[in-house]
Structures are given as C-alpha cells and as structure tokens.
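Observations on the model geometry
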Amino acid sequence: GTYAWVDGAHLWFQIKGHGDPVVVIPGGPGDSHVYLTPWFDELAKHHKLIYYDAFGRGKSDRAKNPDEYSFERDVRDLEGLRIDLGIEKWTVIGHSYGGMVAQAYALKYPNSVSKLILSNTFYDGEMWQENDDNSNYEIKNQYPDLWAKLMKLRDEGMVSSSPECQKLYGEVPAGLLYFYNAANADKVRKDSVSFNPKVYYQIVGSDGDFLISGDIGKLDFRTELKDLKMPVLILAGRFDRVAVPSFSEKFQEYCPQAKFVMFEKSGHLPFVEQTKKYFQVIEEFMKDGK
C-alpha cells in the first residue's frame, strides 16, 4: 500500500486488480481494513479493488486530539480519497459502521457512486441502540459473571469507554455476537493496530456500549434512502446479533428499490461464513445492477 494526502493527513490505501473501481469501507468505527482481508480479495479478480484505512485507523495518521474524529470527516475523506486517486465514479461497499458512511456518502456525493452495497449495517441511531441492547442481553445471559463485573463498575460510575470496562468487553468472545458458527471467529485477521478505541468512543459516545450518543446518535437515513438513484444492494445475516434482522429487514421498506439478500447461515460477517454465495451475489449485482 501507499498513502494519499487528504485533509491534512496521510490515509493509507492499497489497490489490487484491474477493472472498474470498488472501494471497501471498514466497520467500527475504529477498525482498519485488516479484518476484511483476504476475503474481499475475491473482487480483485474482476475489479480494481481499493482497501483503505480511514483517519485514525490502521496505518493512517492519528489525530492529536480525539475531537478531530467525526462521522462527517469519514464521509468527506472518502470523497477526498476518490479525488486523489483520479477516479470518476466507483462502487462503494460499506460493512457495518462503514455502511453508514456509505449511505451518507451516496446521499451527499451521488455523482461519485456507480453502485452502492450495504453489508450488515444500520440506518439510524435507534438501530444502533438496538445493537447495544441486544449485545448486552446476550452477554448478560451467556456470561453472567462477566456481566456482574461490568455492573459493579457501572455502579462505581464508570462508563463503557473506561479502560476497566473496555477490558471486560474485550473478554467477550467474538463468536457470541458476530457469527452463526462461533468457531468462524478464528478465521478473522487481527493485528496490533486493527482497532482504535479513541475513534470508536469519539463517534459513538463515551458510554457507547450502553447508550448511543455522539455522531451516531444523530444519524437517520430512513426517509432519504428511497431517493438514491444508483443501483443498491443490501446484505444481512440471519444470525447477526449486532445488526439484528428485525431491524435489518426494514431496509426493504426504507429503500424499496434495492435488492435485499439475507444470508441464512451467517452472522455479522457473511463474507467469512458464506463466502462463495456472498461474492456470487455481489458479482451478479456488479454485472447487471440487479
């Protein structure tokens, strides 16, 4: 990879393959591109695939003050990257939090987007709050000892961004919340700079694992999605305990022109659990927009 200079910061990116350009936006907020690899390399067989790390994540520059991290900047920086790369239009794929960036980007810069793919994502702050509530419900029931420790810390006045709470949340196995088959959690790549909690809590709020606030709490795309003119594909997982199906399925109401696909044996990362089908669906959509 190499770096683009965008809004006074170096943003890392990597290009693989040739063809029409496709950019993949990681989740989090706070995650780098790492967990998306090597899965999305599949798209490089037929497209110019662009991985990148947003400001404050992965190999990109960090802010001197966390106040510099914002949802709005993430959206603006994506357009800055497109301009720096000299790309006229690209297909935008957003996973999880990245799907919220993708929605805002497509609404703000529609002439920059040829196709839009939203994977396991959220359409407003209320849906993200349901993520919090459902995640905590699962932890409370499956790991009561850990939950009791969290409640003790909260009784002492600590919020979820405190190091002590972060440590306990870090003990929750990823397989509980993110996968249909918990064993698949071991397939996901991680490294020492994969996640930046300062970005996460700046954008979701200091108590964001319990009560969503910050930039995410203000977002609501429900009334605007129907106005998107580019082809839209929305992907969800039946066993996603983060972007829960009871909310995900409502995308069909808010964005009726989109193609909606539910992966029946996947959680939050269907590209890991139903890899072949996931990329077949994307390639068919890329070919004809349906």
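Just so we're clear, the structure is a prediction, and the values are computed from it rather than from any experiment.

**Overview of the layout of surface pockets**
When its volume is computed, the largest pocket comes out at roughly 1,200 Å³. Lining the largest pocket are 39 residues, with Asp-31, Tyr-169, Ala-174, Tyr-178 and Phe-195 sitting closest to its centre. Of all the secondary structure elements, the ones that give two or more residues to the lining of the largest pocket are helix 3 (125-142), helix 5 (163-169), helix 6 (174-178) and helix 7 (197-204). At six residues, the largest contribution of residues to the lining of the largest pocket is made by helix 3. Counted by class, the lining of the largest pocket contains 20 nonpolar, 13 polar and six charged residues.

**A closer look at the pattern of salt bridges**
In total, this model carries 17 salt bridges according to the counting rule given. Here Arg-241 and Glu-138 are joined by a salt bridge, their closest N and O atoms 3.7 Å apart. A residue pair is termed long-range when its members are at least 10 positions apart, and Arg-241 in the loop between strand 7 (232-237) and helix 8 (245-248) and Glu-138 in helix 3 qualify at 103 residues. Residue classification places Arg-241 among the partly exposed residues on the basis of a relative accessible area of 22%. For Glu-249, the salt bridge goes to Arg-238, with nearest N and O atoms at 3.1 Å. In this pair, Glu-249 is assigned in the loop between helix 8 and helix 9 (251-254) and Arg-238 in the loop between strand 7 and helix 8, connecting sequence segments 11 residues apart. Residue classification places Arg-238 among the partly exposed residues on the basis of a relative accessible area of 31%. By sharing partners, the salt bridges in this structure join Asp-7, Glu-72, Arg-73, Arg-76 and Asp-77 into a single network.

**Things to note about the environment of Tyr-3**
Note that Tyr-3 resides in strand 1 (residues 2-6). Judged by relative accessible area, which is 42%, Tyr-3 ranks as partly exposed. Separated by 156 residues in sequence, Tyr-3 and Val-159 have C-alpha atoms that sit 36 Å apart. Other than its neighbours up to four places away in sequence, Tyr-3 contacts His-10, Leu-11, Trp-12, Phe-13 and Lys-59. Of the polar contacts made by the side chain of Tyr-3, one reaches the backbone oxygen of Lys-59; its length is 3.0 Å.

**Let's talk about the packing of helix 1 (residues 71-85) against helix 2 (residues 97-108)**
Contact geometry for helix 1 and helix 2: axes closest at 9 Å, N-to-C directions at 65 degrees. In terms of orientation, helix 1 and helix 2 fall into the roughly perpendicular class. Note on packing geometry: the crossing formed by helix 1 with helix 2 is right-handed. On the side of helix 1, the interface is formed by Phe-71, Asp-74, Val-75, Leu-78, Glu-79 and Arg-82, while helix 2 contributes Tyr-97, Met-100, Val-101, Ala-104, Tyr-105 and Lys-108.

**Quick look at the nonpolar core**
Counting 72 residues, the largest nonpolar core has Phe-71, Trp-90, Val-92, Leu-116 and Ile-216 as its most contacted members. In terms of residue count, helix 2 provides more of this core than any other element does, seven residues in total. Every residue in contact with Ile-216, bar those within four places of it in the chain, is listed here: Tyr-97, Met-100, Gly-125, Trp-128, Ile-203 and Val-204. Ala-44, Ile-93, Phe-279 and Phe-285 belong to the second-largest nonpolar core, a separate cluster that totals 29 residues.

**Describing the sheet that holds strand 1**
In spatial order, the strands read 1-2-4-3-5-6-7-8; together these eight strands make up an open sheet with mixed pairing. Edge positions in the sheet fall to strand 1 and strand 8 (259-263), since each of these pairs with one other strand and no more. Taking each pair of neighbouring strands and ignoring which way they run, the sheet shows an average axis angle of 25 degrees. Sheet topology places strand 3 (residues 21-25) next to strand 5 (residues 90-95); four bridges connect them, and they run parallel. In the strand pairing of strand 5, Val-24 is matched with Ile-93.

**Remarks on empty space enclosed by the protein**
Scanning all chains against the criterion turns up two cavities of 30 Å³ or more. What the largest cavity holds in volume is close to 60 Å³. Along the walls of the largest cavity sit Ile-25, Pro-26, Gly-27, Pro-29, Gly-30, Asp-31, Tyr-52, Ala-54, Arg-57, Asp-74, Tyr-97 and Val-101, which together make up its complete lining. Of the residues contributing to the lining of the largest cavity, the split by class is seven nonpolar, two polar and three charged. Taken as a whole, the second largest cavity spans an internal volume of roughly 30 Å³.

**Side note on helix 3**
Relative to the 26 Å expected for 18 residues at 1.5 Å per residue, helix 3 spans 26 Å between its end C-alpha atoms, a close match to the ideal helical length. By the burial criterion, the buried members of helix 3 are Gly-125, Met-127, Trp-128, Gln-129, Asn-131, Asp-132, Asn-134, Ser-135, Asn-136, Glu-138 and Ile-139. Where helix 3 is buried, its residues contact helix 2, helix 4 (144-155), helix 5, helix 6, helix 7 and helix 8.

The rules behind each value
- Residues numbered from 1 in each chain as written.
- Predicted model: local features only at pLDDT ≥ 70, side-chain atom pairs only at ≥ 80, totals over all residues.
- Heavy atoms only, no water.
- 1 Å grid on protein atoms, 1.4 Å probe; cavity = no way out; pocket = protein on both sides within 12 Å on 5 of 7 lines; lining within 4 Å.
- Points joined across faces, edges and corners; volume = space filled by probe spheres on them.
- Helix = DSSP H or I, 4+ residues; strand = E, 2+ residues; numbered from the N terminus.
- Nonpolar A, V, L, I, M, F, W, Y, C, P; charged D, E, K, R; others polar.
- Salt bridge = Lys/Arg side-chain N within 4 Å of Asp/Glu carboxyl O.
- Buried < 20%, exposed > 50% of the residue type's maximum accessible area, 1.4 Å probe, protein only.
- Contact = heavy atoms within 4.5 Å.
- Polar contact = N/O pair within 3.5 Å; in protein donor to acceptor, adjacent residues only side chain to side chain.
- Axes fitted to C-alpha atoms, helices over the stretch in contact; angles between N-to-C directions.
- Parallel < 35°, antiparallel > 145°, perpendicular 65-115°, else oblique.
- Left-handed = near helix turned anticlockwise from the far one by under 90°.
- Core = buried A, V, L, I, M, F, W, Y, C linked by side-chain atoms within 4.5 Å.
- Pairing = 2+ DSSP bridges.
- Expected span 1.5 Å × (residues − 1).

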